[in-house]
Every structure is written in structure tokens, then in C-alpha cells.
2 protein chains.
Amino acid sequence: MSSQPETTEASGPVVISIDAMGGDRGPAAVIAGIAQSAKKNSEIRFILHGDAAELKRLAAKRLYARHLDGRCEYRDAAEVVSMDDKPSQVMRRGQNTSMWSALESVRNREATVAVSCGNTGALMALSMVRLRKIPGVNRPAIAVLWPSRNTQGFNIMLDVGADVRADAEDLLQYAMMGVSYARNGLALSRPRVGLLNVGTEEHKGRAELRSAHELIEGAAESAHYEFVGFVEGGDIPGDRCDVIVTDGFTGNVALKTGEGTASLIGQRLKEAFAYSPLSRFASLLAFTSLRRLQKRIDPRRVNGGVFLGLNGTVVKSHGSADATGVSAAVKLAFHLAQQGFSDKLAARVASAAEQAQDAIGAQDQEEDAPKEGTHS
Amino acid sequence: MSSQPETTEASGPVVISIDAMGGDRGPAAVIAGIAQSAKKNSEIRFILHGDAAELKRLAAKRLYARHLDGRCEYRDAAEVVSMDDKPSQVMRRGQNTSMWSALESVRNREATVAVSCGNTGALMALSMVRLRKIPGVNRPAIAVLWPSRNTQGFNIMLDVGADVRADAEDLLQYAMMGVSYARNGLALSRPRVGLLNVGTEEHKGRAELRSAHELIEGAAESAHYEFVGFVEGGDIPGDRCDVIVTDGFTGNVALKTGEGTASLIGQRLKEAFAYSPLSRFASLLAFTSLRRLQKRIDPRRVNGGVFLGLNGTVVKSHGSADATGVSAAVKLAFHLAQQGFSDKLAARVASAAEQAQDAIGAQDQEEDAPKEGTHS
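- Going by an unreviewed UniProt entry, chain A carries the name Phosphate acyltransferase and comes from Roseivivax halodurans JCM 10272.
- What UniProt states about chain A under its Subunit (unreviewed entry) heading is, verbatim, "Homodimer. Probably interacts with PlsY."

Right, here's the structure in full:
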């Protein structure tokens with residue numbers, strides 16, 4: 001973590017706000033996870049929200065203490081948001097929950113990034129009302145890292161479920177936010193953006209997608225990304241682009257279809273190797289190969305949907321995340337905080353509306369076109 | 001194939017109309033594929049459309065002749081629809097193509113099912129104008145078989161791309177058509193239907209999905225299917241339902257995301273086993289296990305999207321299908337033809353509009369409800 005790009009704004013210790021309750025495995029998995037991160041990374045500090053007595057007890061375990069000692073602050077919060085709680089209820093009566101408290105530390109600038117394993121709907125609703133949207137953002141989005149054939153190993157897809165609707169202007173904002181995430185999260189200087197559709201021909205798909213195509217293409221030059229045009233579902237794990245832009249309904253279905261397909265194949269693979277004595281013997285010899293495969297497709301290692309478009313960044317870890325999963329989410333949060341991601345995203349999005357206008361004006365395109373050929 | 005359910009209407013030889021041109025691998029792959037099918041199935045006959053001289057030459061090869069001899073009719077068609085041809089052009093000037101000719105055999109009742117490896121958009125457009133929609137169907141749909149955790153090994157999803165739009169009434173029709181396909185294609189007497197959404201709570205998702213939920217739930221009793229309510233992307237390869245209903249935009253993205261994810265994992269698996277001498281040795285021992293896995297997830301063995309809602313059934317095989325793929329598509333076509341699927345589907349859909357009305361009237365539900373408890 002010592003070699004930082006020149007664009008980095010933050011320096012020295014980075015403070016992450018952690019909702020330590022609300023995950024399926026409880027605070028033990030969270031403390032174990034942040035201890036893993038603390039062990040690997042001397043620059044990281046934590047503000048832990050939840051049952052302070054219980055959290056201090058867990059953090060004091062010999063296994064963790066030597067990594068966490070003196071690097072955690074505690075904020076006592078009596079209540080926990082459950083997976084069944086309705087977002088509306090949490091917004092009205094959630095003041096004493098660890099989730100609310102964790103967002104409060106970002107709101108008052110004690111930390112720039114919060115991490116939670118809790119109820120996604122409630123976390124997004126609370127984030128909207130407590131952190132508020134960045135000026136210029138109509139709909140915040142949830143972005144995920146998706147294993148891909150690209151050299152960086154992952155693509156970014158958004159929105160995967162913050163909002164079931166998205167018009168052309170929203171999709172342009174998603175492109176802007178996805179590009180900013182690709183720069184700061186994947187260190188891509190000139191990300192390639194694709195707009196998800198059912199075909200790659202420009203006449204195809206829904207009307208709002210054709211106007212979004214025009215807006216995103218028009219803003220590419222001045223916002224320094226490459227627009228590859230329409231992409232299809234097969235390109236989400238592919239190498240045609242780095243950022244896949246879509247509405248939260250389509251993105252959520254695609255995300256869960258991909259996860260379900262991967263898990264079905266994983267089960268079939270186990271069954272295939274358990275079939276006969278010979279295949280079981282083979283699986284022993286193949287153990288390291290299979291482990292290598294698992295490591296490359298292990299969802300725990302890319303754990304964390306990022307809420308974009310708010311004053312501050314929120315990383316949503318899987319509710320079922322174990323120590324490894326929590327540690328992965330914390331690593332992502334640290335990296336984004338260190339990059340000063342929240343401020344850079346806000347700066348980029350502030351110009352999005354203007355870009356939208358420029359995009360339509362043919363004059364600007366004529367001026368920009370000769371500089372670089374990004375139009376594919 | 002000899003043991004036929006009592007519902008079967010067709011008997012004796014079954015005639016399949018084959019567009020023998022237009023696939024990426026040309027007529028050789030098609031002839032090899034139908035020869036495989038003819039070898040396994042003595043009841044099947046073919047009408048082959050395309051370059052008659054070339055087709056006769058291929059069918060006369062010693063390897064195929066003993067299976068195909070006397071079981072093929074030929075219809076000479078000078079032109080071929082290419083993958084780049086625009087549907088609109090083909091509709092206007094496609095009269096001399098093998099695709100048009102193959103549909104003509106269904107139109108004039110020489111065959112009840114046509115199979116083509118050609119351009120999907122052109123095939124759907126031609127099917128619409130030449131075969132026409134069944135009375136009561138607003139939008140035809142493309143249905144696919146999807147590998148799943150269910151005992152039958154597959155789920156049915158529709159629409160996967162016939163139309164990017166679908167309102168609540170369309171989604172009810174998709175449910176009706178999917179149920180009919182599940183009965184005749186997967187031999188499920190009481191299929192479980194799920195409506196694809198981003199959450200399983202009834203208040204979630206887009207407005208048209210909530211009214212579709214009401215329509216499909218209301219028609220379940222009288223149409224003899226079970227409605228499990230909203231399902232998510234992860235349920236497409238799952239075991240919560242047998243038929244997944246969605247619009248053609250979402251379905252197409254889900255289909256291609258699933259295919260892309262499976263192919264990425266397959267590549268990673270190869271890389272894992274090619275990594276070191278030991279892993280390569282292990283892969284030799286694991287060969288049969290891996291073959292077993294490949295057989296279970298081999299897309300060629302579930303080859304064929306089915307066009308539903310037309311006067312006659314059209315099976316769209318992958319453009320890149322080899323002999324095994326073509327044979328799989330022909331097997332599916334034979335099975336559906338033998339079941340008298342086209343007529344059964346038409347009968348079922350004729351009542352769909354009526355079902356929609358019944359569904360909304362609370363009275364009918366009160367009458368139906370006591371009979372059986374299908375509402376989950």
C-alpha cells in the first residue's frame with residue numbers, strides 16, 4: 001500500500017467506520033475480519049459501531065488483540081437492523097441501530113467510508129437520508145466487481161439494485177460514477193464503458209437506451225473514457241469493456257443469475273469428483289488445481305457492493321460474509337478511502353449534467369473528435 | 001420413444017421441416033445431425049430445404065445413407081439467409097431462401113415443427129408473417145431450457161428475446177405458453193411458475209410486475225399450474241419453480257450472462273488443470289470426471305430455443321451448432337411434434353384472455369380456491 005499514485009489525496013492512517021452487527025454471522029466474524037485486515041495493513045484504523053462491551057471483549061482475544069490494540073474506537077449502539085426489517089421502519093425508528101451510527105461517522109467526517117454486512121434495502125434507504133445525494137445525482141447506484149477476462153481480473157457493473165428505474169440521464173450518471181470507480185478502484189486511467197442491451201446494433205433495444213447511447217457517447221471525450229457502445233450479457237464477464245452500465249432491475253437479475261450459475265456449476269463439479277473411487281482419487285491429486293480455481297472464482301474475495309452517488313462511500317458486504325469476506329470488503333473500503341474516492345466522484349459527477357448538454361451539441365463533438373479517436 | 005403418454009395426439013412417422021442452410025457450419029453439420037437423430041429414432045422423417053443437389057450428395061455419403069435413405073424429401077431453395085441480413089429485408093425479399101421454404105412446410109401442414117440454425121431475428125420476423133400469431137397471443141415468445149437443480153434437470157425461461165417489451169397481459173400469456181411447454185417438453189403435469197423480479201416481496205419491483213403477479217396467480221387454479229410468486233435471478237438455475245416468466249429484454253440479458261459465466265468458469269477450469277505437470281497428470285486421472293461434468297453442462301445437449309405463440313412450432317438451433325447440437329434440436333422438435341404440442345398450446349392460449357378476466361374477479365377465486373391449494 002506504500003506506493004500511492006500521485007492523484008492520492010489522503011495520507012497516513014485511514015479510518016473506516018464499521019457496522020459490526022447485523023451480519024448473519026454476528027460481530028465475531030466482523031472482528032475476525034478487521035483483525036485480518038489490520039494484520040496486513042498498518043495504516044488502517046476503525047470506528048466500531050454496536051454492542052461496545054461485546055465488541056471490546058471480542059477484540060481483546062489474544063489472537064486479535066496484537067493487531068487491533070489501540071487502533072479501534074467504539075460507539076455503543078443498543079439496537080441492530082435485522083434482515084427482515086422494512087427500510088421505511090428503519091428510517092423512522094433506526095436512530096439507535098449500529099447501522100445508523102456507522103453512517104453517522106461518515107456524515108460527520110470522522111470517516112469517509114462505511115462498511116456494513118446488514119440489510120441492503122435498509123442500508124441504502126438510511127444512506128440516502130443521512131448522507132444525502134451528491135449534487136447532480138438523481139439516483140444513487142450500487143456497483144459490483146465482476147470476475148472477467150480483462151487483465152485487471154474484474155469488470156464493474158452498475159446499477160445492481162439501488163433503483164429498478166433508470167432513464168437516459170441516470171444511465172449517463174452511472175457511466176460517470178462507474179468510470180470514477182474504475183479509475184480509483186481498478187487503477188484504469190481510461191476505462192472502456194459499455195451500455196447493456198439485447199444486441200450490439202445501434203437501432204436495437206428500448207428507446208431510453210438509444211438516447212442514453214447518444215449521451216454517453218457524447219460525453220466520452222471530455223470525461224476521458226472510451227465508449228464501446230452497446231454490449232450484451234455475455235460481455236459482463238468478458239473483455240470488451242471495463243464498466244457495464246444498466247438499470248438496477250436488469251443489473252440485479254444479471255448479478256443473481258451469474259451467481260446462481262456459478263454455484264450450480266460448482267456443485268456439479270463436486271458431484272463429478274465424488275462419483276467413483278477413481279474420480280475421488282483424482283480429486284486428491286487435482287486438489288491444488290481445484291483450490292487455484294476456487295481462489296479465482298471465490299466470491300468472498302470480491303466481496304462488497306459499493307453505493308455510489310452519496311456524500312461519502314458505503315461498502316455493502318454480503319450478509320453471510322465470514323472473516324475472509326469482511327476483510328475483503330474492508331480492503332476495498334481502505335483503498336477507496338485512501339484514494340480520496342468520495343471527493344473525486346463528487347467532482348466528476350458535478351459536471352455530468354453539463355456533459356449531457358455538451359453531448360447533444362454537435363459543435364462540441366466536432367471540436368473534441370480530432371483530439372482522440374474513442375468512438376468505436 | 002415407444003412409451004407415449006395418453007395425451008399424445010400424433011402417431012406413426014413424424015415429419016420435421018429442416019432449414020438445412022444458414023448455420024455457421026453449413027449443410028454438412030445439419031445432415032450429420034439429422035443422420036444422428038434418424039439413427040436413434042425410426043419414427044422420424046425430414047423435409048430438407050436448401051441446395052437440393054448438395055443436400056442429396058451429403059445425405060448419400062455411406063456414413064449417413066443407411067440412416068437417411070428413403071426418409072428425406074427435398075425442397076430446392078436457391079438463396080440462404082445470412083447472419084448479417086436485416087429481418088426487414090428477408091421479409092420483403094426472402095421468398096427464395098431455405099428459411100422461408102422451411103416455414104412454408106409448416107404453414108401448409110406438411111410438418112408441424114420447423115428447425116433452423118439461421119439468423120434469429122430473421123427467423124422470428126419470417127415466422128410472424130408466414131405462420132401468424134395464435135388468436136389471443138399479443139407477443140410470441142422464445143423459450144429456452146436452462147440447466148437447473150430440479151429433478152427434470154432443466155427449467156424453462158421465456159421470453160429470452162422475441163420482444164423487448166411485455167405488459168402484464170403478455171406475461172400471463174408467457175406463463176400459459178411456458179406451462180404448456182413444461183407439460184409437453186418436460187412431462188410436468190402441474191408446473192410451478194415463477195415471475196422474475198428483483199425481490200420476492202409482493203410490494204417490490206415495477207408496476208406491471210405487480211399486476212402480472214395478480215393475473216398469473218388468479219389463473220393458476222383453472223389452468224392447473226402452481227404459482228410460486230416472484231423469483232430472483234438465482235432461481236433460474238434453481239429448484240423453486242419450473243417455468244420462469246420475464247420480458248424479452250431481461251430474459252435475453254439473463255440468458256447471455258449465464259452462458260458467459262459458464263464459459264468463463266470452463267476456461268478457468270482448463271487453466272487450473274494446465275498449470276503444472278502435477279495438475280496436468282491429475283487432469284488425466286480426472287478425465288472421466290471432467291467429461292461427466294461437461295456432459296451435464298454441455299450447451300449442445302440443450303440446444304434449441306422454441307418460438308411459442310405461432311401457428312406451428314419453430315425450433316431455433318444455435319448458429320454454431322455442430323452435428324450433436326443439430327441432433328439435440330431435432331430431438332426436441334420431434335418430441336414436441338409427437339405430443340401434438342402446437343395444437344395443445346393453441347387451445348391453452350385461447351383461454352388465456354378469459355383467464356385474465358377470471359383472475360381479477362374475486363368471485364371465481366372463491367369458487368376455485370377450495371378445490372386445491374396451489375397458492376404458495
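Back to the text.
Concerning the sheet that holds strand S4 (residues 113-116) of chain A
Residue and element names in this part refer to chain A.
At step 1: Taken together, 11 strands build an open sheet; the order of strands is S3-S2-S1-S4-S11-S10-S5-S6-S9-S7-S8 and the sheet is mixed. Among the strands making up the open sheet, the edge pair consists of strand S3 (72-76) and strand S8 (226-231). Across the sheet, the mean angle from the axis of one strand to that of its neighbour is 25 degrees, orientation sign disregarded.
At step 2: Note that strand S2 (residues 44-50) and S3 share 5 bridges and pair parallel. For glycine 50, the partnering residue across the bridge sits in S3 and is aspartate 76.
At step 3: Docked against the sheet, helix H2 (residues 52-59) engages S2 and S3, running at close to 155 degrees with respect to S3.

Structural notes on the relation of the copies chain B and chain A
At step 1: Note on the identical chains: chain B maps onto chain A by a rotation of 180 degrees and an axial translation of 0.0 Å, with an RMSD of 0.0 Å. One copy is carried onto the other by what is essentially a two-fold rotation axis.
At step 2: Of the residues that chain B buries at the interface, 100% are likewise interface residues in chain A, meaning the two copies contact each other through the same surface.

Observations regarding the sheet that holds strand S10 (residues 305-308) of chain B
Residues and elements named next belong to chain B.
At step 1: Taken in spatial order, the 11 strands make up an open sheet running S3-S2-S1-S4-S11-S10-S5-S6-S9-S7-S8, and their pairing is mixed. The strands lining the two open edges of the sheet, one partner per strand, are strand S3 (72-76) and strand S8 (226-231). The sheet shows a mean angle of 25 degrees between the axes of neighbouring strands, direction not considered.
At step 2: With 4 bridges connecting them, strand S1 (residues 14-19) and strand S4 (residues 113-116) associate as parallel partners. Residue isoleucine 18 lies in a different strand from S4, and its bridge partner there is valine 115.

Overview of helix H1 (residues 26-40) of chain B
Residues and elements named next belong to chain B.
At step 1: The end-to-end C-alpha separation of H1 is 23 Å, in line with the 21 Å expected for 15 residues at 1.5 Å each.
At step 2: Counting buried residues in H1 gives 11 out of 15 residues, a clear majority hidden from the surface.
At step 3: For H1, every residue scored as buried is listed here: Gly26, Pro27, Ala29, Val30, Ile31, Ala32, Gly33, Ile34, Ala35, Ser37 and Ala38.
At step 4: Against S1, strand S2 (44-50), helix H2 (52-59), helix H3 (62-68), S3 and helix H12 (323-338) lie the buried residues of H1.

What to know about the interface of chain B and chain A
At step 1: Listed per partner, the contact involves 53 residues of chain B and 53 residues of chain A.
At step 2: Buried area between chain B and chain A, summed over both chains or domains, comes out near 4700 Å², and the portion from carbon and sulfur atoms is 67%.
At step 3: Three residues, B:Arg206, B:Phe249 and B:Arg268, lead the burial of chain B against chain A; their summed loss comes to 14% of the area buried on that side.
At step 4: The interface formed by chain B and chain A holds 4 salt bridges in total.
At step 5: Between B:Arg206 and A:Asp247 there is a salt bridge; the shortest N-O distance is 3.3 Å.

Definitions and limits used
Residues numbered from 1 in each chain as written. Chains lettered and ligands numbered in written order. Predicted model: local features only at pLDDT ≥ 70, side-chain atom pairs only at ≥ 80, totals over all residues. Heavy atoms only, no water. UniProt positions renumbered as here; feature names shortened; annotations may be inferred. Pairing = 2+ DSSP bridges. Helix = DSSP H or I, 4+ residues; strand = E, 2+ residues; numbered from the N terminus. Axes fitted to C-alpha atoms, helices over the stretch in contact; angles between N-to-C directions. Contact = heavy atoms within 4.5 Å. Least-squares fit on C-alpha atoms with pLDDT ≥ 70 in both. Expected span 1.5 Å × (residues − 1). Buried < 20%, exposed > 50% of the residue type's maximum accessible area, 1.4 Å probe, protein only. Buried area = accessible area lost by both parts, 1.4 Å probe. Salt bridge = Lys/Arg side-chain N within 4 Å of Asp/Glu carboxyl O.

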